[in-house]
Amino acid sequence: MPTNRNYFINSSQSVVDESLAGYTLSQPLLFLVQKERIVLRKDFESVKSKGQVTILSGGGSGHEPSHAGYVGRGMLTAAVCGDIFASPPVGHILTALRLIGSAAGTVVIVKNYTGDRLNFGLAIDQFRAETNGAVKVEMVLVEDDWATRNSPVGARGLCGTVLFHKILGAMAEEGQSLQAIIDIASTLRPSTLAAALGHATIPSTASQDSPAASSSEPRSDPGESFTSNTYEIGLGIHNEPGIEQRTFEPVKQIVSTVLGNLLPQNPDRCVPADGTIVVVNNLGGLTSFEVNIVTKEVVAWFQAEKLTVSCIITGTLMSSIDMPGFSITVLRATTDTLRRLNTATECKCWPGVLSVNPNCNFNMTPRHDSESTTKAPDSEAHLTDCQV
């Protein structure tokens, strides 16, 4: 893996602010509170006046499009962003709560990390004190990382968080009560496991911050601990260590390892008879080729195990800057959950939900170059095998 790279940025000190400015410039339905790095629905006052529950989330930057990319009708009311891999300050979160706190109540979706739990928790306590409890605020803690499921502080929050954004956001748009939303949140138990070829590289080089610095100045890169012949299972989105490094192998075997851990040991999260919601998430550094092949292998694995994929969501949902890897999230499917995942949203970063034809056939024989001049197969016959 490369250990030195430049980024198309002006300065590592302004990368978060400039990124948020650029994103909101292209989203006419959003508003940016620059000082506190809060991205809001422009109609947030209307949302409150209609008596809807409001939804807040956030955390450190570097996980784009999470969380600002999920602000909009049908998902989040607002998101507050911290520095790269750092929780937003308490004061910024408190400002967001003051802006969107609704008489119907406010839900705060938080990934389970010490900094986020502490800062969001303190902000909620201060807001409750300011309003004398008149505005009800409830925190939903997401703990979907299979690799840290036995941690004394709970599992880390990963890409499963985005499912909470969509499902709870859809409920708020339906006009559901705060208690109804919290009740459903308590039943959502996604499980996520990542695999990667290296760590994320953080844009903080002296060469980009100082005109006098050499453009080839080396920088520290946690990816140096990986060799070209290994990959790691279970690493976190802030470069936290995984649970195992393995010799590199075809992606079919890597997907099998990930899913073989996720499903059999999570009977309460994924019941085969009910079907499974599957998320294939690009951690930031994979090409479209790779993401498509991982998706194919995921569906093929479910077929081989005679398990049902109720729907599949694929793309970059929660990244770790440029981490060359992917995560797979699984969640037990229910009629209401599937309906809410399919509900319309104005969030441009939500990739949408696809159904998978259970009759797809992935038994493929590699084709040699010499075959390229032979007669093309009957494309219509092939299309009837797999309609997605």
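Everything discussed here concerns the structure shown above.
Residues numbered from 1 in each chain as written. Predicted model: local features only at pLDDT ≥ 70, side-chain atom pairs only at ≥ 80, totals over all residues. Heavy atoms only, no water.

Caption draft 1: Focus on the side chain of Asp144. Its location among the elements puts Asp144 in the loop between strand S6 (137-142) and helix H5 (160-174). Judged by its relative accessible area of 0%, Asp144 is buried. In terms of polar contacts, Asp144 uses its side chain to reach the backbone amide nitrogen of Leu158, at 2.6 Å. (Helix = DSSP H or I, 4+ residues; strand = E, 2+ residues; numbered from the N terminus. Buried < 20%, exposed > 50% of the residue type's maximum accessible area, 1.4 Å probe, protein only. Polar contact = N/O pair within 3.5 Å; in protein donor to acceptor, adjacent residues only side chain to side chain.)

Caption draft 2: Here's a closer look at the sheet that holds strand S4 (residues 78-84). Pairing in this open sheet of six strands is mixed, and the strands run S1-S2-S4-S3-S5-S6 from one edge to the other. Of all strands in the sheet, those with a lone pairing partner are strand S1 (30-33) and S6, marking the two edges. Adjacent strand axes in the sheet meet at a mean angle of 20° when their direction is disregarded. Each of S1, strand S2 (38-41), strand S3 (54-61) and S4 touches helix H1 (residues 15-25); the most contacted strand, S4, lies at about 150° to it. (Pairing = 2+ DSSP bridges. Axes fitted to C-alpha atoms, helices over the stretch in contact; angles between N-to-C directions. Contact = heavy atoms within 4.5 Å.)

Caption draft 3: Region of interest: the sheet that holds strand S12 (residues 325-332). Reading across from one edge, S9-S8-S7-S12-S10-S11 is the order of the six strands in this open sheet, with mixed pairing throughout. Edge positions in the sheet fall to strand S9 (244-247) and strand S11 (309-315), since each of these pairs with one other strand and no more. Averaged over neighbouring strand pairs, the angle between their axes works out to 20° when direction is ignored. One ladder, built from six bridges, connects strand S7 (residues 191-196) with S12; its direction is antiparallel. Its bridge partner being in S12, Ala196 is matched across the sheet by Gly325. The sheet strands contacting helix H9 (residues 288-304) are strand S10 (276-282), S11 and S12, and the helix crosses S10 at an angle near 155°.

Caption draft 4: Spatial organisation of the environment of Thr334. You can see Thr334 is positioned in the loop between S12 and helix H10 (335-342). Sequence separation of Thr334 and Asp274 is 60 residues, and the distance between their C-alpha atoms is 6.9 Å. Among the polar contacts listed, one links the side chain of Thr334 to the side chain of Thr337, at a separation of 2.8 Å.

Caption draft 5: Layout of the pattern of salt bridges. Under the criterion given, the structure shown has 15 salt bridges. For the salt bridge of Glu174 with Arg339, the shortest nitrogen-to-oxygen distance reads 3.0 Å. Here Arg339 lies in helix H10 and Glu174 lies in helix H5, a separation of 165 residues in the sequence. For Arg339, a relative accessible area of 40% puts it in the partly exposed group. (Salt bridge = Lys/Arg side-chain N within 4 Å of Asp/Glu carboxyl O.)

Caption draft 6: The arrangement of the packing of H5 against H10 in detail. The interhelical angle for the contact between H5 and H10, taken along N-to-C directions, is 90°, at an axis separation of 8 Å. In terms of orientation, H5 and H10 fall into the roughly perpendicular class. The residues of H10 that touch H5, namely those facing Leu163, Lys166, Ile167, Ala170, Met171 and Glu174, are Thr337, Arg339, Arg340 and Leu341. In the contact of H5 with H10, the residues fall into five nonpolar, one polar and four charged. (Parallel < 35°, antiparallel > 145°, perpendicular 65-115°, else oblique. Nonpolar A, V, L, I, M, F, W, Y, C, P; charged D, E, K, R; others polar.)

Caption draft 7: How the structure looks around the packing of aromatic side chains. Per the counting criterion, the structure on display carries two aromatic pairs. Geometrically, the ring pair formed by Tyr231 and Phe248 is edge-to-face, given 6.3 Å between the ring centres and 90° between the ring planes. Residue Tyr231 is located in strand S8 (residues 230-233), and its partner Phe248 is located in the loop between S9 and helix H8 (251-262); the two are separated by 17 residues in the primary sequence. A ring pair is formed by Trp301 and Phe302, whose centres lie 5.4 Å apart and whose planes are at 80°; its orientation type is edge-to-face. Given a relative accessible area of 13%, Trp301 falls into the buried group. (Phe/Tyr/Trp six-rings, centres within 6.5 Å; stacked < 30°, edge-to-face > 60°.)

Any functional reading would require information beyond the geometric quantities listed.
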